[in-house]
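# A look at the structure
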Amino acid sequence: MNLVVLIADDNLVMRNLLKFYLGKLKIDTILEAEDGLEALKIIKEKEIDILFLDLMMPNLNGFNVANYVNAKSSEIVTVALSSDMSEKNVKVFKTLGVKYCLEKPISPTDINTVMNEILNNNDS
Amino acid sequence: TGNIQEKDKEIYLSIGIDDYISKPIDLDQLYLVIAKFTYFTIESIFDEPEVSTVKNLEYSITDVVNELELTEEFLKELLAIFFNSVKDEVVELEKAIKVKNYEEIYSIAHSIKGSSGNLRLKAVFEKAKEIEQHSKNKNISINYTLLLDELNGFIQNYAKDLT
């Protein structure tokens with residue numbers, strides 16, 4: 001699939017797990033960022049289609065990154081991830097233009113459902 | 001005692017010993033005996049988190065492979081990464097506890113919770129969550145060192161079985 005996905009998460013286990021699921025969907029390019037700042041740099045340099053964004057990261061957190069993406073009115077579809085996906089956090093993410101919020105721990109079904117929705121919306 | 005026989009029991013009891021437990025110590029038996037002679041009710045002793053989480057130490061590679069739709073090889077790779085990186089996190093957590101840096105305690109516990117949860121290491125996940133929640137509320141009445149020891153115990157236990 002001709003898509004560029006960026007995974008922003010400080011946890012290596014989480015990044016590898018996501019890469020594994022996205023690999024199954026035959027995503028062309030999967031980029032990784034270990035913190036919010038690195039994520040921002042990559043977003044500025046490259047054309048990202050889908051962003052998997054952890055909330056609690058060093059340097060800049062998920063809200064900071066989502067805020068930047070939102071302000072740039074970019075076409076990036078963001079999927080936020082957190083083990084603390086409280087109503088309040090979901091509300092903040094939604095305000096910042098984040099379309100999908102997933103609670104950790106994630107399941108393969110979560111990822112497949114979200115990816116299906118994103119890909120179907122892209123087609124139409 | 002390590003070797004108790006029916007006739008020994010009677011001797012012990014007849015010379016004024018109140019009760020006995022056999023070695024190796026069975027935790028349930030120990031609690032039962034304590035409960036018998038103290039004001040603790042059995043229920044309250046069995047409510048201790050140690051007891052409730054011990055059961056969760058079981059880990060089935062096959063079940064997790066199926067649930068997460070991974071290959072066994074890849075799951076083992078992820079577990080190795082986890083056990084390798086969590087060592088440093090435990091050291092950092094110990095330091096943070098020493099200087100009572102609650103934000104740091106929260107941040108590290110949160111991270112351990114996230115990765116252990118995704119690998120379905122339930123006992124580690126639950127204990128990290130407990131530490132995370134106490135430190136989030138800056139709860140100073142908690143013995144964090146004890147919680148860290150328990151967390152570390154679970155990690156060692158899983159690591160022994162899975163690596």
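Residues numbered from 1 in each chain as written. Chains lettered and ligands numbered in written order. Predicted model: local features only at pLDDT ≥ 70, side-chain atom pairs only at ≥ 80, totals over all residues. Heavy atoms only, no water.

## Comments concerning the interface of chain B and chain A
Each partner contributes to the interface: chain B provides 21 residues, whereas chain A provides 18 residues. Between chain B and chain A, a total of about 1,700 Å² is buried, with carbon and sulfur atoms accounting for 64% of that surface. Here chain B is connected to chain A by one salt bridge. Between K136 of chain B and D84 of chain A there is a salt bridge, with the nearest N and O atoms lying 3.3 Å from each other. Every element with two or more residues in the side of chain B that touches chain A is listed here: α5 (61–68), α6 (72–98), α7 (102–118) and α8 (122–136) of chain B. Considering each element in turn, the side of chain B that touches chain A owes the most residues, eight residues, to α7 of chain B. In terms of residue class, the side of chain B that touches chain A is made up of nine nonpolar, seven polar and five charged. (Contact = heavy atoms within 4.5 Å. Buried area = accessible area lost by both parts, 1.4 Å probe. Salt bridge = Lys/Arg side-chain N within 4 Å of Asp/Glu carboxyl O. Helix = DSSP H or I, 4+ residues; strand = E, 2+ residues; numbered from the N terminus. Nonpolar A, V, L, I, M, F, W, Y, C, P; charged D, E, K, R; others polar.)

## A closer look at the side chain of S82 of chain A
Residues and elements named next belong to chain A. Position of S82 among the secondary structure elements: in strand β4 (residues 77–82). For S82, a relative accessible area of 2% translates into the label buried. A polar side-chain atom of S82 sits 2.8 Å from the main-chain amide nitrogen of D84. Contact partners of S82, with chain neighbours within four places excluded, come to L55, L102, E103 and K104. (Buried < 20%, exposed > 50% of the residue type's maximum accessible area, 1.4 Å probe, protein only. Polar contact = N/O pair within 3.5 Å; in protein donor to acceptor, adjacent residues only side chain to side chain.)

## Regarding the layout of surface pockets
The gaps of empty space that remain are located by a probe, the size of a water molecule, rolled over the atoms. Residues and elements named next belong to chain A. Each pocket or cavity is described by its volume, and for the largest pocket that value is around 260 Å³. What lines the largest pocket is a set of 15 residues, among which I48, D49, S74, E75 and I76 lie closest to the centre. Considering only residue class, the lining of the largest pocket consists of eight nonpolar, two polar and five charged. (1 Å grid on protein atoms, 1.4 Å probe; cavity = no way out; pocket = protein on both sides within 12 Å on 5 of 7 lines; lining within 4 Å. Points joined across faces, edges and corners; volume = space filled by probe spheres on them.)

## What to know about the packing of helix α3 (residues 62–71) of chain A against helix α4 (residues 87–95) of chain A
Packed helices, taken two at a time, are described by their axes: the angle between them and the distance between them. Residue and element names in this part refer to chain A. Running from N to C, α3 and α4 point in directions that differ by 25°, and their axes come no closer than 9 Å. In terms of orientation, α3 lies roughly parallel with respect to α4. Together, G62, F63, A66 and N70 of α3 and N89, V92, F93 and T95 of α4 make up the contact between the two elements. (Axes fitted to C-alpha atoms, helices over the stretch in contact; angles between N-to-C directions. Parallel < 35°, antiparallel > 145°, perpendicular 65-115°, else oblique.)

## Structural notes on helix α9 (residues 144–162) of chain B
Its 19 residues give α9 of chain B an end-to-end C-alpha distance of 26 Å, which sits within 8% of 27 Å, the value for a rise of 1.5 Å per residue. The N-terminus of α9 of chain B is capped by N143 of chain B, whose side-chain oxygen sits 3.3 Å from the backbone nitrogen of T145 of chain B. (Expected span 1.5 Å × (residues − 1).)

Structural measurements only, silent on function.
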